[in-house]
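So you can see what is in the structure, the chains are spelled out below.
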Amino acid sequence: MRVVEIRTSRGLARSGLPEYDYALNPYLGCLHGCRYCYARDFTRGEPGDLWGEVVYVKVNLPEVLAREVNALRPGVVGISTVTDPYQPVEAKYRLTRRSLEILLPAGFKASIQTKSTYVLKDMDLLFVYRDRVDVGVTITTFREDVARLLEPGAPPPRARARALHMLSELGVRTWIFLGPLMPGVNDGEGDYGPILDVARKTGSEVTLDRYRPRPGADSMLAAVGVEARPGRGWWAEKSREIKAKCAELGVVCRTAEEEWRAAREARRGRGLDEFL
Ligand code: SF4
C-alpha cells in the first residue's frame, strides 16, 4: 500500500449522476480494492492502474472547499463517487470529516456512500446535521468468503450492518446499496435475503444494482476466477424477484435505473440545471 499526498485545484465537481448536484472525492484510488469496482475505469494514472494498492490524498482539499462554498449554489453533494470517503487513510487525514464540517454549515446536503465502519467516528457531526445528511452502506453478500474475494480491503459485511444499525438508531437516514449483483456469484436468496432483513430492521431503503462489465473490473474479477457475464433477461427477472421480497418485508426497494430516472425528473422539476 502506498499513500501519495497531492494538491488539488478543485473540490466540488459537477456530478454526472442525476441524484447529486456535485461530487466530492477527497481521495484518488481506493484501498478497499473491490474487484468489481467501476471507479477504476474512471481513475487515470497510478491510482487507477494499481487499483487497491495506491491512494492519492488531496491534502489541501479543505482550503479549496472553503473558497468554493462561498461561490457555489448549495446542493446535494455525493460523497464519494469514485472512491470510498472512509477508506483507511481517512483515519490520518480526516478529509471527509473536514469537508463535511465546511459543507454542512454552508447549507449543502451530503449523501455519503461507504463500505467502512469508520463512518461512525463522525456520528456526532452526522447527528447534528441529520436533516442534511444520508448515509448509504454497500453490502453485496454476508458470505464472508465471497466478500473477502470481491472486496479484499473492505471491513466485513456484518460490521457494516452494525454501523447501519447505529446510524439509524441515531436518527440518520440510512440506505443500503445492494450491488453489484452478479449472476451465480452473489444473486441468490441466501445472499440478498439477509441484507433485506437488515434493511427492514434499520428502516433503510434499498438501491439494487447489477454488475456492468467494464475492462478494468472484468480483469480484476478474472484474476480471481470470477466471470460475471449477465445474460439476457437475467436482470429483469432477478430485480423482479428481489422487489417481490422487498414488498413482502415492507422494504422500499428500487433499481439504480429507477432512481436515476426519478432523480432526473426531480431535477427538471426544480429547474436546477440552469444554475450549474
Ligand atoms: S469501496 Fe467503492 S470505490 Fe472503493 S474499491 Fe470498493 S467499490 Fe470501489
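Located above this text is the structure these notes cover.
In this report, we go over the structure that sits alongside the text.

Quick notes on the rules
Residues numbered from 1 in each chain as written. Predicted model: local features only at pLDDT ≥ 70, side-chain atom pairs only at ≥ 80, totals over all residues. Heavy atoms only, no water. Pairing = 2+ DSSP bridges. Helix = DSSP H or I, 4+ residues; strand = E, 2+ residues; numbered from the N terminus. Phe/Tyr/Trp six-rings, centres within 6.5 Å; stacked < 30°, edge-to-face > 60°. Buried < 20%, exposed > 50% of the residue type's maximum accessible area, 1.4 Å probe, protein only. Arc of directions from axis to C-beta. Contact = heavy atoms within 4.5 Å. Near = heavy atom within 4 Å. Nonpolar A, V, L, I, M, F, W, Y, C, P; charged D, E, K, R; others polar. Axes fitted to C-alpha atoms, helices over the stretch in contact; angles between N-to-C directions. Salt bridge = Lys/Arg side-chain N within 4 Å of Asp/Glu carboxyl O. Core = buried A, V, L, I, M, F, W, Y, C linked by side-chain atoms within 4.5 Å. Right-handed = clockwise from strand over helix to strand, strands pointing away. Parallel < 35°, antiparallel > 145°, perpendicular 65-115°, else oblique. Left-handed = near helix turned anticlockwise from the far one by under 90°.

Attention now moves to the sheet that holds strand β1 (residues 2-6). One open sheet accounts for three strands, arranged β1-β5-β4; its pairing is mixed. The two strands at the open ends of the sheet, each matched to only one other strand, are β1 and β4 (27-28).

A word on the packing of aromatic side chains. Within this structure, the stated rule accounts for three aromatic pairs. Ring centres of Y38 and F42 lie 5.8 Å apart, and the angle between their planes is 75 degrees; this geometry places the pair in the edge-to-face category. Seen from their ring centres, W234 and W235 are 5.5 Å apart, and the 40 degrees between their planes marks the pair as tilted. In this structure, W234 and W235 share a single accessibility class: buried.

Here we take up helix α9 (residues 215-223). Helical periodicity: at 3.6 residues per turn, an α-helix aligns residues three or four positions apart in one direction. G216, A217, M220 and L221 are the residues of α9 that are buried. For α9, the angular spread of the buried residues around the axis is 130 degrees, confining them to a single face. For α9, the exposed residues lying more than 90 degrees away from the buried face are P215, A222 and A223. Taken together, the buried residues of α9 touch α6 (144-150). Taken from the residues just after α9, G225 is the one with a positive phi, measuring 80 degrees.

This paragraph deals with the site of the ligand. C30, H32, G33, C34, C37, W51, T83, D84 and K115 make up every residue found near the ligand. Classifying every residue of the shell around the ligand gives four nonpolar, three polar and two charged.

A few words now on the sheet that holds strand β11 (residues 253-255). Overall, mixed pairing links the eight strands, which are arranged β2-β3-β6-β7-β8-β9-β10-β11 in an open sheet. In this open sheet, the two edge strands, each paired with only one partner strand, are β2 (12-14) and β11. Adjacent strand axes in the sheet meet at a mean angle of 25 degrees, parallel and antiparallel pairs treated alike. Across five bridges, strand β8 (residues 133-138) lies against strand β9 (residues 173-181) in parallel orientation. When the bridges of β9 are listed, V135 appears paired with T174. Packing against the sheet, helix α4 (residues 95-103) makes contact with β2, β3 (22-24), β6 (76-79) and β7 (109-114), and its axis sits at approximately 175 degrees to β6. Across the face of the sheet, helix α10 (residues 234-249) comes into contact with β9, β10 (205-210) and β11 while running at roughly 165 degrees to β10.

A separate point is the pattern of salt bridges. Counted under the stated rule, the structure contains 22 salt bridges. One salt bridge connects K238 with E241, and the closest N-O pair in it is separated by 3.1 Å. Highlighted residues: K238 and E241, both in helix α10, separated by three residues, approximately one helical turn. The exposure class assigned to K238 is buried, which follows from its relative accessible area of 10%. Put simply, K245 and E248 hold a salt bridge, and the shortest N to O gap is 3.4 Å. Of the two residues, K245 and E248 both sit in helix α10, three residues apart, roughly one turn of that helix. Here E248 falls in the exposed class, since its relative accessible area comes to 63%.

What follows deals with the nonpolar core. Core analysis: the largest hydrophobic core is formed by 53 residues, its most contacted members being L100, L103, L126, V133, V135, L178 and V206. Tallying contributions element by element places helix α8 (residues 189-202) first for this core, with five residues. Other than its neighbours up to four places away in sequence, V135 contacts I112, V119, L126, L167, V172, R173, T174 and W175. Formed by 17 residues, the second largest nonpolar core is a distinct cluster that contains W51, V82, L221 and A228.

Pairing of β6 with β7 involves four bridges; the strand directions are parallel. Its bridge partner being in β7, V76 is matched across the sheet by K109. Relative to β8, β7 is paired through five bridges, and the arrangement is parallel. Following the sheet pairing, S111 is matched in β8 by D134. Taken together, β7, helix α5 (residues 123-128) and β8 form a β-α-β motif whose crossover is right-handed.

This part covers the packing of helix α2 (residues 61-71) against α4. Interaxial distance between α2 and α4 falls to 10 Å at its minimum, and their mutual angle equals 15 degrees. As far as their axial angle goes, α4 and α2 are roughly parallel. The interaxial crossing formed by α2 with α4 has right-handed handedness. Contact residues: α2 offers L61, P62, E63, L65, A66 and V69, while α4 offers L95, R98, S99, I102 and L103. Split into classes, the residues belonging to the contact of α2 with α4 amount to eight nonpolar, one polar and two charged.

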